[in-house]
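Report on the structure
Here is how the chains run, residue by residue.
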Amino acid sequence: EAGVAQSPRYKIIEKRQSVAFWCNPISGHATLYWYQQILGQGPKLLIQFQNNGVVDDSQLPKDRFSAERLKGVDSTLKIQPAKLEDSAVYLCASSTWTGEETQYFGPGTRLLVL
Amino acid sequence: AQTVTQSQPEMSVQEAETVTLSCTYDTSENNYYLFWYKQPPSRQMILVIRQEAYKQQNATENRFSVNFQKAAKSFSLKISDSQLGDTAMYFCAFMKHNAGNQFYFGTGTSLTVIP
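All values derive from a computational prediction rather than experimental measurement.

Comments concerning the sheet that holds strand β8 (residues 75–79) of chain A
Residues and elements named next belong to chain A. The antiparallel open sheet is built from four strands, whose spatial order is β1-β3-β8-β7. In this open sheet, the two strands that pair with only one neighbour each are β1 (5–7) and β7 (65–68). Each strand of the sheet is rotated relative to its neighbour by a mean of 15°, with strand direction disregarded. The sheet contact formed by β1 and strand β3 (residues 19–24) spans three bridges and is antiparallel. The partner of Gln 6 across the bridge, within β3, is Cys 23.

Considering the packing of aromatic side chains
What the rule picks out here adds up to 20 aromatic pairs over all chains. Aromatic side chains Phe 65 of chain A and Tyr 90 of chain A sit 6.4 Å apart centroid to centroid with 40° between the ring planes, which places their arrangement in the tilted category. In this pair, Phe 65 of chain A is assigned in strand β7 and Tyr 90 of chain A in strand β9 (residues 88–95), connecting sequence segments 25 residues apart. The pair formed by Phe 65 of chain A and Tyr 90 of chain A is uniform in burial state, with each residue classed as buried. Each ring, one from Phe 68 of chain B and one from Phe 75 of chain B, has its centre 6.3 Å from the other, and the planes form 80°; the classification is edge-to-face.

Quick notes on the interface of chain B and chain A
At the interface, 20 residues of chain B touch 20 residues of chain A. Carbon and sulfur atoms make up 52% of the surface buried where chain B meets chain A, a total of about 1600 Å² over both sides. Inspection of the region where chain B meets chain A yields zero salt bridges. Inspection of the region where chain B meets chain A yields four residue pairs in polar contact (both at pLDDT 80 or more). Among the elements of the structure, β5 (32–39), β6 (46–52), β10 (88–96) and β11 (103–105) of chain B are those that each provide at least two residues to the side of chain B that touches chain A. Each residue belonging to the side of chain B that touches chain A can be placed in one class, and the counts come to ten nonpolar, nine polar and one charged.

Details of the confidence of the model for chain B
For chain B, per-residue confidence averages 91 on the pLDDT scale, and 96% of positions sit at 70 or higher. No element of chain B has a lower mean pLDDT than β11 of chain B, at 86, and none a higher one than strand β3 (residues 19–21) of chain B, at 98.

Re a nonpolar patch on the surface
Residue and element names in this part refer to chain A. On the surface, Ile 12, Leu 112 and Leu 114 cluster together into a nonpolar patch covering about 300 Å² of accessible area. Tracing the backbone through its elements, the reader meets Leu 114 in the segment after β11 (109–113). On the basis of relative accessibility, which here comes to 53%, the residue Leu 114 falls in the exposed class.

Things to note about the state of the cysteines
If you walk through the whole model with that rule in mind, you get two disulfides over all chains. One disulfide in the model links Cys 23 of chain A with Cys 92 of chain A; its S-S distance is 1.9 Å. Since a negative S-S torsion denotes a left-handed disulfide, the Cys 23 of chain A-Cys 92 of chain A link at about -70° is left-handed. In this pair, Cys 23 of chain A sits in strand β3 while Cys 92 of chain A sits in strand β9, placing the two residues 69 residues apart along the sequence. Neither Cys 23 of chain A nor Cys 92 of chain A differs from the other in exposure class; each is buried. Residue Cys 23 of chain B pairs covalently with Cys 92 of chain B via a disulfide, S to S 2.0 Å. In this structure, the disulfide formed by Cys 23 of chain B and Cys 92 of chain B twists by about -70° around the S-S bond and is classed as left-handed. Placement of the pair is Cys 23 of chain B in the loop between β3 and β4 (24–26) and Cys 92 of chain B in strand β10, with a sequence separation of 69 residues.

Each value, and the rule that gives it
Residues numbered from 1 in each chain as written. Chains lettered and ligands numbered in written order. Predicted model: local features only at pLDDT ≥ 70, side-chain atom pairs only at ≥ 80, totals over all residues. Heavy atoms only, no water. Pairing = 2+ DSSP bridges. Helix = DSSP H or I, 4+ residues; strand = E, 2+ residues; numbered from the N terminus. Axes fitted to C-alpha atoms, helices over the stretch in contact; angles between N-to-C directions. Phe/Tyr/Trp six-rings, centres within 6.5 Å; stacked < 30°, edge-to-face > 60°. Buried < 20%, exposed > 50% of the residue type's maximum accessible area, 1.4 Å probe, protein only. Contact = heavy atoms within 4.5 Å. Buried area = accessible area lost by both parts, 1.4 Å probe. Salt bridge = Lys/Arg side-chain N within 4 Å of Asp/Glu carboxyl O. Polar contact = N/O pair within 3.5 Å; in protein donor to acceptor, adjacent residues only side chain to side chain. Nonpolar A, V, L, I, M, F, W, Y, C, P; charged D, E, K, R; others polar. pLDDT = per-residue confidence, 0-100. Patch = residues over 30% accessible without salt bridge, like charges linked within 9 Å, V, L, I, M, F, W, Y side chains within 5 Å. Areas by Shrake-Rupley, 256 points an atom, 1.4 Å probe, with all protein chains shown as cover. Disulfide = S-S within 2.5 Å.

This is the structure we're talking about:
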């Protein structure tokens, strides 16, 4: 079974630029999560999708971050414009909706904002 | 709001020894899940073990076991016969079992296994 795929793996941009991350969850997984993990901290949930609907985006900085999951499969997370404090690893995870809610994580995208 | 606390930022253990990582959580929920995830250096997060709150029996996965104390809201991870490959960040996580199934992570414990 293929795991959660993310791209790119690394990205370096200058502040005020835009960046987009892509995630492809495990086939059949209805729930998709985007996390921000700042160095030395635990993952912080940015947004959670159930199929193509948003379940929780309470911690998403909506003035600069946006995410979509149009067909209930792949998802993109965008930052526009980026700030220095956005430097982090962005993790995508997916899970089923059957009661066995273990999350499976992708390798993450490491973002450095200069 | 749910909070997850890991009070040990760093720990070390001799190879083949046993180590226990602590985790406490705060919730008013009765139906939830608890997890320990492992994140090796520069590698992706993987599940170590999970515990359903309604189960009194502590979960065990090979060398990994938990001590789940529901009344005390404590969920510690015991690693027996530590191996060099156990060196990683360990995150405790809490999940409410409701329509949203939101996850909350602790700040992590960095474990180093010493040869």
